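If you want the building blocks of each chain, they are given just below.
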Amino acid sequence: MAAFDVIQNTLDRYLGPLATKLTENRGIQAISGGMMATMPVVLGVAFIAIFINLPIAPLTEFLNTSGMFLIGNQVMSVTMSMLAIYIVFCIGSRFGKSLGLNGTTCAVFCVGVFLVLMPLQMPTLEDGTTATYISPSYLGSNGIFVSIVLGLLVPWILSKLMKVVEFKLPDSVPPMVSDSLSPTFAAIIVFTSAFLIKWGFTFTPWGNVFDMISTLVGTPVMNVGASVWAPVIVNVLAMTLWFFGIHPSAVSNIYNVVATACTTANLEAFLAGDPLPYLAWQIVNGIMNTGFAAEGLPLAINLLLCKSERFKATSRLAIVPAVFNITEPMMFGVPVVLNPVFAIPMVIVKPIVGTVSILLLNLGFVSTLNPAVSMTWIMPYPITAFLMGGLGFAALAIIGFCISFMIFRPFVKMADNMALKEESETEAAA
């Protein structure tokens, strides 16, 4: 216990305040909240993604001949494959509100600057005229880092400008009109600056800000964060903090930037009929980030097998939430948090599950994946895994569950025996 007290005191003194500052940081909150705000779009088209990609020959033939498959892919292209435009809008709105500005105005500014800086394709047609169109690649994975930067930078600049050049209108002017006209001078400065930045980048080796950020920032981050081992490392850190009472979101919110870029790149490749660049990463990340194959349902099932009244009662309360990947009732009800008995399984379960998953993937256990399938996080993971990768992916999730169950089993039995002893002593004292 003394060792745990030392670790706990160290975390409370140094890491706890840092995690709190990160969680409460307005920028981090805007990024996390902005990305979460895009979920209605992702989940809203999930059924379409599942339907048009079901591996049923008669259905596939009907979808192709009727044109529904083509239309379905077009729907995917303007929703899931264009997440950058949704992200910059949502982050800009949330961060603007946190700075005391009108959220919608900030979101419109962010989208406008994003589109101004985006390189346009201008091919010459056969009749000699020039067509202008936006390249979808900059609205997907190649634009996510830019959208995050602009979603934070533009509202911050706007907040500074509005203190100096706000266009004051009489109080009698309706707020709808005032909110639209008051940032007029700021808009002139912002968009003129964006124009000059875009022109200036034509003299650089990159040619535009998108390719510059992708080269200098995106590529190194993706090389590290998109490694198949990255989810293992991230989850080891997250579960270690979770044991000491610091919610894993302190780590996952930061890593979501990489995760979104990887999943978007996979989706773009899938819709184009190309090999998925982050196939193994997405499978391992999915396995690692579900309570089904880690600290959730395996622990809940173990509790169901306990003999002590304490854990029987806890298991009855925790089992249903655990099926839907909600683990807090066990974390604080057993408790697992700060319980020395569960320190070892909490830290080792995910790296072991992740390592086994990687080994099985290298043996060809799962060869295909449909990244267009996006289910809500509370969906029992075997269902999500089956819809995304068929029986192979579902079996991999079940193997992860079995491994986790076996890892937790001796520690739960130890805790159960201790609880039985306490209950018998209590009864004897009564």
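Preceding this section is the structure that the text describes.
Let me sum up the structure you'll find in this document.

Rules behind the numbers
Residues numbered from 1 in each chain as written. Predicted model: local features only at pLDDT ≥ 70, side-chain atom pairs only at ≥ 80, totals over all residues. Heavy atoms only, no water. Helix = DSSP H or I, 4+ residues; strand = E, 2+ residues; numbered from the N terminus. Buried < 20%, exposed > 50% of the residue type's maximum accessible area, 1.4 Å probe, protein only. Contact = heavy atoms within 4.5 Å. Areas by Shrake-Rupley, 256 points an atom, 1.4 Å probe, with all protein chains shown as cover. Axes fitted to C-alpha atoms, helices over the stretch in contact; angles between N-to-C directions. Parallel < 35°, antiparallel > 145°, perpendicular 65-115°, else oblique. Left-handed = near helix turned anticlockwise from the far one by under 90°. Nonpolar A, V, L, I, M, F, W, Y, C, P; charged D, E, K, R; others polar. Salt bridge = Lys/Arg side-chain N within 4 Å of Asp/Glu carboxyl O. Phe/Tyr/Trp six-rings, centres within 6.5 Å; stacked < 30°, edge-to-face > 60°. Core = buried A, V, L, I, M, F, W, Y, C linked by side-chain atoms within 4.5 Å. Patch = residues over 30% accessible without salt bridge, like charges linked within 9 Å, V, L, I, M, F, W, Y side chains within 5 Å. Polar contact = N/O pair within 3.5 Å; in protein donor to acceptor, adjacent residues only side chain to side chain.

1. Digging into the overall build of the protein chain
Here is step 1 of the chain: Helix and strand content of the protein chain: 20 helices and two strands.
Here is step 2 of the chain: Taking all 430 residues of the protein chain together, the buried fraction comes to 46%.
Here is step 3 of the chain: Sequence-distant contacts, at least 24 apart, represent 74% of the contacts inside the protein chain between residues at least 6 apart.
Here is step 4 of the chain: Of the accessible surface of the protein chain, which amounts to about 21100 Å², a share of 69% is contributed by carbon and sulfur atoms.

2. Quick look at the environment of Asn-256
Here is step 1 of the chain: Along the polypeptide, Asn-256 turns up in helix H14 (residues 249-272).
Here is step 2 of the chain: Put simply, Asn-256 and Met-36 are 220 residues apart on the chain and 10.0 Å apart in space, counted from C-alpha to C-alpha.

3. Examining helix H16 (residues 297-304)
Here is step 1 of the chain: When you tally the buried positions in H16, you get six out of eight residues, the bulk of the element.
Here is step 2 of the chain: Residues of H16 that are buried: Leu-297, Pro-298, Leu-299, Ala-300, Asn-302 and Leu-303.

4. Description of the packing of H16 against helix H17 (residues 309-323)
Here is step 1 of the chain: Packing of H16 against H17 brings their axes to within 8 Å, and their N-to-C directions diverge by 150°. Classed by the angle they form, the pair H16 and H17 counts as roughly antiparallel. You can see that H16 and H17 cross each other, and the crossing is left-handed. On H17, the residues touching Leu-297, Ala-300, Ile-301, Leu-303 and Leu-304 of H16 are Phe-311, Thr-314, Ser-315, Ile-319, Ala-322 and Val-323.
Here is step 2 of the chain: Within the contact of H16 with H17, the residues separate by chemical class into nine nonpolar, two polar and no charged.

5. Some details on the pattern of salt bridges
Here is step 1 of the chain: This model, assessed by the stated rule, comprises two salt bridges.
Here is step 2 of the chain: Residues Lys-312 and Glu-309 are paired through a salt bridge, measuring 3.9 Å at the closest nitrogen-oxygen approach. Note that Lys-312 and Glu-309 are positioned in helix H17 at a spacing of three residues, about one turn of the helix.
Here is step 3 of the chain: In this structure Lys-312 comes out as partly exposed when scored by relative accessible area, which is 28%.
Here is step 4 of the chain: The partner of Glu-422 in a salt bridge is Arg-310, and the shortest N-O contact between them spans 3.8 Å. Linking Glu-422 in helix H20 (residues 381-429) with Arg-310 in helix H17, this pair joins segments that are 112 residues apart in sequence.
Here is step 5 of the chain: With relative accessibility at 44%, the residue Glu-422 sits in the partly exposed group.
Here is step 6 of the chain: Overall, the relative accessible area of 35% leaves Arg-310 in the partly exposed class.

6. Quick word on the side chain of Thr-264
Here is step 1 of the chain: Along the polypeptide, Thr-264 turns up in helix H14.
Here is step 2 of the chain: Under the relative-accessibility criterion, Thr-264 is labelled buried at 1%.
Here is step 3 of the chain: Among all residues touching Thr-264, those that are not within four sequence positions of it are Met-80, Leu-83, Gly-140, Ser-141 and Ile-144.

7. Looking at the packing of aromatic side chains
Here is step 1 of the chain: Under the defined criterion, the tally for this structure stands at six aromatic pairs.
Here is step 2 of the chain: With a centroid separation of 5.1 Å and an interplanar angle of 85°, the aromatic rings of Trp-199 and Phe-203 are classed as edge-to-face.
Here is step 3 of the chain: Taking the relative accessible area as the measure of exposure, Phe-203 reaches 61% and is therefore exposed.
Here is step 4 of the chain: Seen from their ring centres, Tyr-381 and Phe-393 are 5.9 Å apart, and the 80° between their planes marks the pair as edge-to-face. Considered together, Tyr-381 and Phe-393 belong to a single accessibility category, that of buried residues.
Here is step 5 of the chain: Every member of this aromatic cluster is reached through a ring pair, and the members are Phe-114, Tyr-138 and Phe-210.

8. A short note on the nonpolar core
Here is step 1 of the chain: One finds Phe-114, Ile-148, Leu-150 and Phe-210 to be the most contacted residues of the largest nonpolar core, which totals 60 residues.
Here is step 2 of the chain: Sort the elements by how many residues they give to this core and helix H9 (residues 144-165) lands first, with nine residues.
Here is step 3 of the chain: Formed by 52 residues, the second largest nonpolar core is a distinct cluster that contains Leu-276, Ile-283, Val-373 and Met-388.

9. Notes on a nonpolar patch on the surface
Here is step 1 of the chain: On the surface, a nonpolar cluster with roughly 520 Å² of combined accessible area is contributed by Val-320, Val-323, Phe-324, Ile-326, Trp-377 and Ile-378.
Here is step 2 of the chain: Mapped onto the elements of the fold, Ile-378 is located in the loop between helix H19 (343-362) and H20.
Here is step 3 of the chain: Overall, the relative accessible area of 34% leaves Ile-378 in the partly exposed class.

10. Some thoughts on the packing of H17 against H20
Here is step 1 of the chain: Running from N to C, H17 and H20 cross one another at 120°; their axes reach a closest spacing of 8 Å. Classified by the angle between their axes, H17 and H20 sit oblique to one another. Residues Glu-309, Arg-310 and Phe-311 of H17 form the contact with H20, whose participating residues are Ala-415, Asp-416, Ala-419, Glu-422 and Glu-423.
Here is step 2 of the chain: For the contact of H17 with H20, the per-class residue count stands at three nonpolar, no polar and five charged.

11. Section: the side chain of Ser-147
Here is step 1 of the chain: Mapped onto the elements of the fold, Ser-147 is located in helix H9.
Here is step 2 of the chain: One polar contact links the side chain of Ser-147 to the main-chain carbonyl oxygen of Ile-144, over a distance of 2.6 Å.
Here is step 3 of the chain: For Ser-147, the contacting residues outside a window of four places in its chain are Ala-84, Ile-87, Val-88 and Phe-114.

12. A closer look at the environment of Glu-423
Here is step 1 of the chain: With respect to the helices and strands, the residue Glu-423 is situated in helix H20.
Here is step 2 of the chain: Leaving out residues up to four positions away in the same chain, Glu-423 has contacts with Ser-308, Glu-309 and Arg-310.

Function cannot be inferred from these measures alone, as they are strictly geometric.
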